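Results of the structural survey
The lines below spell out each chain.
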Amino acid sequence: MKKVSFFIAILAMAVVSCQNSADPEKLRERVLASSEFAALVEAYQSRGADLLQEKQSLQGEGGQDQQKDQEAKKIMEERNRQIRALLSGEKKLSKEEFEEAVSQIDESLGATPEMLLPVRTQRMKAAMAALMEKFPGIKEQKASFIQDCLSVYRERKAGK
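Below, the structure is looked at part by part. Being a predicted model, the structure only gives us computed values, none of them experimental. (Residues numbered from 1 in each chain as written. Predicted model: local features only at pLDDT ≥ 70, side-chain atom pairs only at ≥ 80, totals over all residues. Heavy atoms only, no water.)

**Some details on the overall build of the protein chain**
- Each helix and strand counted, the protein chain has nine helices and zero strands in total.
- Scanning the protein chain from its N terminus toward the C terminus, one meets helices and strands in the order α-α-α-α-α-α-α-α-α.
- Looking at the protein chain as a whole, 28% of its 160 residues are labelled buried.
- By sequence separation, contacts in the protein chain at least 24 residues apart represent 77% of the contacts at least 6 residues apart.
- For the protein chain, the exposed surface amounts to about 11300 Å²; the carbon and sulfur share of it is 55%. (Helix = DSSP H or I, 4+ residues; strand = E, 2+ residues; numbered from the N terminus. Buried < 20%, exposed > 50% of the residue type's maximum accessible area, 1.4 Å probe, protein only. Contact = heavy atoms within 4.5 Å. Areas by Shrake-Rupley, 256 points an atom, 1.4 Å probe, with all protein chains shown as cover.)

Set out below in structure tokens:
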């Protein structure tokens, strides 16, 4: 009887975890349709002006944010170095093999979707935080998930 109860408990846990893991395509569509993503796109598109304004008003401030940014920068530099090594390797990788290798690099370095966005302004950080709060399943996706969403957004916008 204990074995049956144990088996049912494990089966129930498996079902719940499968339901909680987000299908990347469905999640991408929900993210693209959200107001939080629209806010991120708007912040992304105006990041140059925002960055200039922030530099002028925040000179000398933001020690903790600066440290996080430096850590993320180091991870991204190592990620880029490893990707360049992949590209210059003797073996020619297919697109799928390359994407899988990049995913493994991201995972080994602890790269997150937030790190893959280019220079981030305070408005971009706030928009990303709101997006991550609304869609916690993003954390389970590849580190390039947000970049992929931005690419799909651009393709759809260009196609209209």
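Having seen the structure, we can now continue with the description.
**Describing the packing of aromatic side chains**
- Summed over all chains, the structure comprises one aromatic pair.
- With centroids separated by 6.1 Å and ring planes inclined at 75 degrees, the aromatic side chains of F37 and Y153 adopt a geometry described as edge-to-face. With a gap of 116 residues between them, F37 in helix 3 (residues 35–45) and Y153 in helix 9 (residues 145–159) connect regions that are remote in the sequence.
- Between the NZ or CZ atom of R47 and the centre of the ring of Y44, over which it lies, the distance is 4.2 Å. (Phe/Tyr/Trp six-rings, centres within 6.5 Å; stacked < 30°, edge-to-face > 60°. Lys NZ or Arg CZ within 6 Å of the ring centre and 35° of its normal.)

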